[in-house]
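Listed below, chain by chain, are the residues.
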Amino acid sequence: MKPSKPAETQTATLAEIAREAGVSAPTVSKVLNGRADVAPATRTRVEELLRAYGYRRRRAEASRSPLIDLVFHELESAWAMEVIRGVENVARDAGLSVVLSESAGRLTPGRTWADQVAARRPHGVVLVLSGLDESQRALLTSRSIPFVVMDPAGDPGPDVPSIGATNWQGGLAATRHLVELGHTRVGAISGPSRMMCSRARLDGYRAALETAGLPVDAGLIRTGDFHHDSGYRLGLELLRGPGRPTAVFAGNDLQALGLYEAARELGLRIPEDLSVVGFDDLPVARWVGPPLTTVRQPLTEMAEAAARLVLELGRAEDERVATRVELATSLVVRSSTGVPPAV
């Protein structure tokens with residue numbers, strides 16, 4: 001069902017949408033509030049009209065629960081704990097609680113999640129390494145539920161507020177450090193190629209090598225999944241046999257720790273035989289032996305910035321302004337890097 005005029009040239013009240021959908025205004029209100037007691041066909045028809053008319057509930061109408069929704073695409077590492085800590089810090093100061101959910105590795109949550117958020121009516125939603133499809137964005141927008149993407153997996157678009165880090169600069173700094181130590185065979189274990197942060201870090205790695213006049217050897221690059229196991233498995237591939245790298249830039253700390261395990265299994269010492277640089281600066285990076293040289297990504301500060309931004313958007317009376325913030329990364333030099341072994 002389509003409105004009689006172009007959606008971009010008109011607005012509609014709840015009563016007008018109810019009349020065009022052939023239902024009562026309370027039924028439209030139930031759909032807006034995520035109530036389950038609406039027939040699926042009716043819900044679909046009302047949602048289509050809400051999107052078509054660009055309906056947005058006035059903020060005064062949008063009574064909110066004292067919650068922030070925090071959505072991870074995966075929730076199983078120390079990385080996630082740093083993010084949770086940051087959102088909790090802001091939520092606690094604002095007198096709010098945090099609802100955690102996971103999209104089981106998908107880059108967008110399922111439709112059931114969106115309906116649940118509409119029913120909860122939180123102050124806002126922070127999505128980590130995730131995004132929303134068009135219908136989910138329309139659903140949250142129509143309920144005046146603001147959302148912010150932290151560390152977006154892909155390009156979030158100009159109209160989606162997001163918080164990120166200077167990933168390219170971090171990859172450049174990590175690799176340049178290894179080159180300045182004298183390494184000419186520098187490997188890389190990247191994260192998933194579908195994620196923008198992974199691609200940016202690997203591009204920084206390539207830029208550092210090219211700037212130094214060193215070849216970018218595709219045989220020294222592996223694509224992992226940001227987990228310890230892939231660092232271990234791909235580390236064995238890189239380090240076995242002749243022509244192995246004397247240094248490796250791992251796309252995150254967990255993969256660097258997997259690489260540590262692979263090096264130990266092959267009898268290689270860090271940093272005497274192999275230099276390793278990670279990315280994130282998780283607390284464990286300081287505790288391993290030897291302590292890990294890594295690129296500090298300010299995860300807690302990024303999460304705090306995302307939570308503050310989503311609350312600011314919720315308080316704003318005017319139209320949401322697209323916001324893109326990138327926090328600086330920095331190289332933290334510890335004991336896992338040194339000069340290359342003598343040939």
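Residues numbered from 1 in each chain as written. Predicted model: local features only at pLDDT ≥ 70, side-chain atom pairs only at ≥ 80, totals over all residues. Heavy atoms only, no water.

Of all five residues in strand 6 (residues 186-190), five are buried; the element is thus mostly enclosed. With burial as the criterion, each face of strand 6 is covered, one bearing Val 186, Ala 188 and Ser 190 and the other bearing Gly 187 and Ile 189. The sheet contact formed by strand 6 and strand 8 (residues 247-250) spans four bridges and is parallel. Note that in strand 8 the partner of Ile 189 across the bridge is Ala 250. Examined bridge by bridge, strand 6 and strand 7 (residues 221-223) share three bridges and lie parallel to one another. Note on strand 7: the bridge partner recorded for Ile 189 is Arg 222. Between the parallel elements strand 6 and strand 7, the chain passes through helix 8 (residues 196-211) in a crossover that is right-handed. (Buried < 20%, exposed > 50% of the residue type's maximum accessible area, 1.4 Å probe, protein only. Helix = DSSP H or I, 4+ residues; strand = E, 2+ residues; numbered from the N terminus. Pairing = 2+ DSSP bridges. Right-handed = clockwise from strand over helix to strand, strands pointing away.)

To continue, consider the packing of aromatic side chains. Counted according to the given criterion, the structure contains one aromatic pair. With 6.5 Å between their ring centres and 55 degrees between their planes, Phe 249 and Phe 279 make a pair best called tilted. Of the two residues, Phe 249 sits in strand 8 while Phe 279 sits in strand 9 (residues 275-280), which places them 30 residues apart along the sequence. Taking the relative accessible area as the measure of exposure, Phe 249 reaches 3% and is therefore buried. For Phe 279, a relative accessible area of 0% gives the class buried. The residue whose ring lies beneath Arg 201 is Phe 279, and the NZ or CZ to ring-centre distance is 3.8 Å. (Phe/Tyr/Trp six-rings, centres within 6.5 Å; stacked < 30°, edge-to-face > 60°. Lys NZ or Arg CZ within 6 Å of the ring centre and 35° of its normal.)

Evaluation of the coordinates by the stated rule reveals nine salt bridges. Where Asp 217 meets Arg 185, a salt bridge forms, and the shortest distance between an N and an O atom there is 4.0 Å. Residue Asp 217 is located in the loop between helix 8 and strand 7, and its partner Arg 185 is located in the loop between helix 7 (167-180) and strand 6; the two are separated by 32 residues in the primary sequence. Overall, the relative accessible area of 31% leaves Arg 185 in the partly exposed class. Residues Arg 324 and Glu 326 are paired through a salt bridge, measuring 3.1 Å at the closest nitrogen-oxygen approach. (Salt bridge = Lys/Arg side-chain N within 4 Å of Asp/Glu carboxyl O.)

The strand order across the open sheet formed by six strands is 2-1-3-4-5-11, and the pairing between neighbours is parallel. Because the sheet does not close on itself, it has two edges, and the strands there are strand 2 (97-102) and strand 11 (324-327). Pairwise comparison of adjacent strand axes, ignoring direction, gives a mean angle of 20 degrees for this sheet. In terms of strand pairing, strand 5 (residues 162-165) meets strand 11 through four bridges, oriented parallel. Bridge pairing in strand 11 links Gly 164 to Glu 326. Each of strand 1 (67-72), strand 3 (124-128), strand 4 (147-150), strand 5 and strand 11 touches helix 12 (residues 299-315); the most contacted strand, strand 4, lies at about 165 degrees to it. (Axes fitted to C-alpha atoms, helices over the stretch in contact; angles between N-to-C directions. Contact = heavy atoms within 4.5 Å.)

Next up on the list: a negative patch on the surface. On the surface, Asp 225, Asp 229, Glu 261 and Glu 265 cluster together into a negatively charged patch. Counting through the fold element by element, Asp 225 comes out in the loop between strand 7 and helix 9 (228-239). By relative accessible area, which is 35% here, Asp 225 ends up partly exposed. (Patch = residues over 30% accessible without salt bridge, like charges linked within 9 Å, V, L, I, M, F, W, Y side chains within 5 Å. Areas by Shrake-Rupley, 256 points an atom, 1.4 Å probe, with all protein chains shown as cover. Lys, Arg positive; Asp, Glu negative; His and termini not counted. Charge placed at Lys NZ, Arg CZ, Asp CG, Glu CD.)

Counting residues in hydrophobic clusters, the biggest one holds 35 residues, and the most contacted among them are Leu 70, Phe 72, Trp 79, Val 83, Val 126, Val 128 and Met 150. Apart from residues no more than four positions distant in its own chain, Val 126 is found in contact with Ile 68, Asp 69, Leu 70, Val 71, Val 148, Met 150, Ala 306, Ala 307 and Val 310. Core analysis: the second largest hydrophobic core is formed by 18 residues, Leu 257, Leu 259, Ala 263 and Leu 292 among them. (Core = buried A, V, L, I, M, F, W, Y, C linked by side-chain atoms within 4.5 Å.)

All right, on to unusual backbone geometry then. Look at the link from Ile 270 to Pro 271: it is a cis peptide, with omega at 10 degrees. The omega torsion of the bond from Gly 289 to Pro 290 falls at -10 degrees, within 30 degrees of zero and hence cis. Positioned with a positive phi, Ser 144 is a non-glycine residue whose angle comes to about 55 degrees. Relative to the assigned elements, Ser 144 resides in the loop between helix 6 (134-142) and strand 4. We classify Ser 144 as buried; its relative accessible area is 6%. In this structure, Asp 151 is a non-glycine residue whose phi angle is positive, near 55 degrees.

It is worth spelling out the side chain of Asp 69 at this point. Tracing the backbone through its elements, the reader meets Asp 69 in strand 1. Judged by its relative accessible area of 0%, Asp 69 falls in the buried class. When near neighbours in sequence (up to four residues on either side) are disregarded, Asp 69 contacts Val 99, Trp 113, Val 117, Arg 120, Pro 122, Gly 124, Val 125 and Val 126.

All right, on to the sheet that holds strand 6 then. If you trace the six strands from one edge of the open sheet to the other, you get 7-6-8-9-10-12, paired in mixed fashion. Of all strands in the sheet, those bounded by a partner on one side alone are strand 7 and strand 12 (330-332). Within the sheet, the average angular offset between the axes of one strand and its neighbour, ignoring direction, is 15 degrees.

Nothing here speaks to function; it is all geometry.
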